[in-house]
Amino acid sequence: MERKYLLGNEAIAHACLEAGVDFVCGYPGTPSSEVIDTLRAQPERPYYLEWSVNEKVALENALAAAWCGVRAICTMKHVGLNVAADPLMTSAYTGVTGGLVIMSADDPFAHSSQNEQDTRCYAHFARVPCLDPASVQEAHDMIPEAFALSEEFGLPVIFRPTTRICHSKGDVELGAVPKSTRNGEFKKDPRQYVVIPAHTRVLHKKLNEKQPAIRKRLVEKGFNRCEVKGKTAVIASGIGATYVQELLPEGVSFMKIGAYPIDEEWLGDFVRKHEKVLVIEELAPEVEEAVRQVAGTVTVFGKKTGSAPWEGELSPQGVAAIMEKAGVLKKSPFAVPAPGTDLPVRPPILCAGCLHRGAFYAIKKVFRDAIYPSDIGCYTLGLQLGAVDTTICMGASITVGSGIAHSGETHDVVCTIGDSTFLHTGIQGLMNAVYNGANMTVVILDNRITAMTGHQPNPNTGLTACGVETLAISLDAVCRACGATFVETVDPYDVTGMVNVLQEAKKRKGVKVIIAKQMCVITARRMGIKRGRYEVDAETCTGCGTCVRFGCPAIEFADEKALINDLCMGCAVCAQLCPVGAISKEGKK
Amino acid sequence: MTGSYDILIVGIGGQGTILASNILGEACLIEGRHIKGAETHGMAQRGGSVESHIRINGLYGPLIAPGQADLLISFDLLEALRYSHYLKSGGTAVVSKNLVIPTSVYTQKLTPPAEEEIAAALKMHGLCLVEADRIATEAGSPLSQNVVMLGAASRWIPLKPESLLEAVKRLVPKKTIEINAKAFQMGRDAGGKS
């Protein structure tokens, strides 16, 4: 079969094609987004595909499709599963007829996330099977198996790759893509699909009765496997298993866990053949707790003995250190050289010409001592500009803002939220704030797209996931429908206009909404929009540093003068800020 | 340790590290070799420091441990220094002379290291400095700097130059094949001179 060098998520997407997926939906979130991005870019799509407005909406859509007997996948990042937790828990009761795979991608080390929660705990909680790949190839191979398992047991199956799987690459052996397609058909069965108490009590019992057979099947499928080689054993899951395999000394047994729930009988047989067992896994001690339950007098090393870290991401050198500490490896083969010291940091930064920078500048100018709740998106980088005081989860800027406003806090509250995040879970917060009379200003940073995760369209874009034109929702109308009476749309590149509207909002009571609308600068570049570059007249420049403090990567400072480099996108905000008018469009001095 | 040849490509989000990784991957496929890689995606890319791990003949995990890389390819001088501890003793750094001063230097009033200081600090390794910007412009487009860098590094990469060149041709946009093929060859020549 064909072999390709693919990103983990591309391999997962291809495996969906091989499994004959019929229904694809999800909400973008790093590191999960490229699965749908790959599937929506296919020249032929014999499946329905959508970017949903949030994960709860996505999962309920996918669940219904699976009730109709078709194969559905629903993708999200780990924290998205919190939003979808409500349908998840009960979907285990109702079950499915068509295969339903819920891909929830975990992010150990929180490379691009607000926490390091472990999706395996959700699977345990919901009592549904969970597959946990250790490599790109395994992630690919598990997808058709996940659909088959889902159909065999009539349960949703959680697929939990981590960042190091989703954003790893490898040469992947691909399978054939079938031609057949299915059509959904809903067969009414209220005892299955209407979870009134009388029905749900029965369904809960059925769910529990499925468990022993699931545990056996996961071992038979080879997801959980072991090899006895001595009196010491290492048990590992996920990407950690690959690091262990590279380091494993002769005569040490190895067990690889790739699926949950783990069969206790099988696990106990293995563990009790050893004197000492080391468990290596990322995040929660899911495997370790199962091992401890069956260990008896066998010594178990893991997180609970302080041998392995509870947080962060595993690495080859980290795993070597754990194995050395537990006495499994004589000495780590990795020297740990010190990194270069005192280098200026280069964190991610808002792009040159990003609309958010202009909006934050105006907010800070008008509301100098305000409290700035913010949200999840590129604009969280406004932290570097001192314009972000809180971020907790999707949609929590408006709600945190109204909470602060109602707490007795006397400072102004100005919150920022992106368009996609507002549509995800911000609307309810706005409705609640208006209804309950909060005093606050809400700035919707409207760049017409879900930018941070890779420019996925949303209901505000005017395009569906498959590129079909659709009516772009009116944020103004949505906000007014929520009861807001002060709703103003303004271009954040227009500093004076932005400042004036904010000043107007500051004078008023109640919830004021400002929609700061301007296209994402990356979208603009891709569309070929050229605004022309700006330059600093060195003779006029006084070196005051106003433009440099604006924090745009296109503005540098050398020899007591500002200068604009070729990253400039022509937003012209710096030209409006310069107190001596030293900045103007190239060639227009 | 397991016979893989480990390459770390570093730079700044947007400089084309991912395309460089894809070219190496494609070249491995051409030669029928296994390859593992890991890279930075998502918001972390927005102008931030990015890294791409590539393990030719890799069979296990995708990450390279510090002190284990055979080759460091850096699209920026400062980033080369930031990641130089990943090189093993006897490893080689192929580094673009390009230096983008991080915005943190201006907003936090930090002192950036001078070009000569960085080059001196990197001298403990085999060092090949490449005028990627100039060479790419000569080849026809400053956007081909990543391919210039791959060309320069190809002296050390255990893949046939023909495979790498073929991979370049397969992966760059059609209109730019000629420029990139030239960029690869000119980069390779520059790598040989140092």
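Quantities reported herein were computed from a predicted structural model and do not represent experimental measurements.

A.B. asks: Lay out the overall build of chain B in plain terms, naming residues and giving numbers.
C.D. replies: Tallying secondary structure elements over chain B gives eight helices and six strands in all. Starting at the N terminus, the α and β elements of chain B follow one another as β-α-β-β-β-α-β-α-α-β-α-α-α-α. Relative to the compact-globule value of 16 Å for 194 residues, chain B shows a C-alpha radius of gyration of 16 Å, a close match. Its C-alpha atoms put chain B at 50 × 40 × 35 Å along the principal axes.

A.B. asks: Would you mind going over the pairing of strand 18 (residues 511–517) of chain A in detail, with residue names and values included?
C.D. replies: Regular strands show a simple pattern: their side chains alternate between the two faces of the sheet. Residue and element names in this part refer to chain A. Counting buried residues along strand 18, seven of its seven residues qualify, which places the element largely inside the surrounding structure. Burial of the side chains of strand 18 extends over both faces: Val511, Val513, Ile515 and Lys517 are buried on one face and Lys512, Ile514 and Ala516 on the other. By the bridge criterion, seven bridges tie strand 16 (residues 440–446) to strand 18 in an arrangement that is parallel. The partner of Leu445 across the bridge, within strand 18, is Ala516. Taken together, the five bridges between strand 17 (residues 486–490) and strand 18 define a ladder with parallel strand orientation. Residue pairing for strand 18: Phe486 is matched across the bridge by Lys512.

A.B. asks: Explain the environment of Gly382 of chain A residue by residue, including any values.
C.D. replies: Residues and elements named next belong to chain A. When you line up the elements, Gly382 lands in the loop between helix 15 (355–366) and helix 16 (396–406). A tally of 27 C-beta atoms within 10 Å means that Gly382 is categorised as buried. Along the backbone, Gly382 and Phe360 are 22 residues apart, and their C-alpha atoms lie at a distance of 7.1 Å. In this view, Gly382 contacts His356, Phe360, Ser374, Ala387, Val388 and Thr416; residues no more than four positions away in its chain are not counted.

A.B. asks: Can you explain the interface of chain B and chain A? Please cite residues and give values.
C.D. replies: The interface of chain B with chain A comprises 47 residues on the first partner and 45 residues on the second. Taken together, the elements giving at least two residues each to the side of chain B that touches chain A come down to helix 1 (17–30), strand 2 (35–39), helix 2 (77–83) and helix 3 (103–107) of chain B. If one sorts the elements of the side of chain B that touches chain A by residue count, helix 1 of chain B sits on top with six residues. Its residues assigned to classes, the side of chain B that touches chain A comprises 21 nonpolar, 21 polar and five charged.

A.B. asks: A description of the nonpolar core should follow, citing residues and the corresponding values.
C.D. replies: Grouped together as the largest cluster of nonpolar side chains are 168 residues, with contacts concentrated most on Ala62 of chain A together with Val148 and Met149 of chain B. Beyond its immediate stretch of four places on either side in the chain, Ala62 of chain A contacts Phe23, Cys25, Ala72, Ile73, Cys74 and Leu100 of chain A. Membership of the second largest hydrophobic core comes to 79 residues, among which are Leu430, Met440 and Val536 of chain A together with Tyr106 of chain B.

A.B. asks: Any details on the environment of Gly222 of chain A? Residues and values, ideally.
C.D. replies: Residue and element names in this part refer to chain A. As for its position among the elements, Gly222 is in the loop between helix 10 (197–220) and strand 9 (225–227). Given 12 C-beta atoms within 10 Å, Gly222 falls into the exposed group. A sequence separation of 36 residues divides Gly222 from Gly258, and the C-alpha atoms of the two residues are 8.6 Å apart.

A.B. asks: Outline the sheet that holds strand 15 (residues 414–418) of chain A, listing residues and values.
C.D. replies: The strands that make up a sheet pair up through hydrogen bonds in the backbone, lying either parallel or antiparallel. Residue and element names in this part refer to chain A. Overall, parallel pairing links the four strands, which are arranged 15-16-18-17 in an open sheet. Every interior strand has two partners, whereas the edge strands, strand 15 and strand 17, have only one. Sheet twist, expressed as the average angle between the axes of neighbouring strands with direction ignored, equals 20°. Taken strand by strand, helix 17 (residues 419–435) contacts strand 15, strand 16 and strand 18, and its axis lies near 145° from that of strand 15.

Conventions adopted
- Each chain carries its own residue numbering, running from 1 in the written order of its sequence.
- As a convention, the first chain written is A and the first ligand written is 1, with the rest following in written order.
- Confidence filtering applies because this is a predicted model: local features only for residues at pLDDT of at least 70, side-chain atom pairs given and counted only at 80 or more, and all residues used for totals across whole chains, interfaces and linings.
- What counts as a helix is a DSSP run of H or I of at least four residues, what counts as a strand is a run of E of at least two, and both are numbered from the N terminus.
- C-alpha atoms define the radius of gyration, and 2.2 Å times the number of residues to the power 0.38 defines the globule rule.
- The burial label depends on the number of other C-beta atoms within 10 Å of a residue's C-beta. Counts of 20 or more mean buried, 12 or fewer mean exposed, and intermediate counts mean partly exposed, with C-beta atoms placed from the backbone.
- Here a strand pair is declared whenever DSSP counts at least two bridges between the two strands.
- In this description, any two residues whose backbone-derived C-beta atoms lie within 7 Å of each other are considered to be in contact.
- Throughout, the ten residues Ala, Val, Leu, Ile, Met, Phe, Trp, Tyr, Cys and Pro are labelled nonpolar, Asp, Glu, Lys and Arg are labelled charged, and all others, Gly among them, are labelled polar.
- The term nonpolar core means buried Ala, Val, Leu, Ile, Met, Phe, Trp, Tyr and Cys residues held together as one set by C-beta atoms within 7 Å.
- Angles shown run from 0 to 180 degrees and are taken between the N-to-C directions of axes, each axis being a line fitted to C-alpha atoms and, for helices, limited to the stretch in contact.

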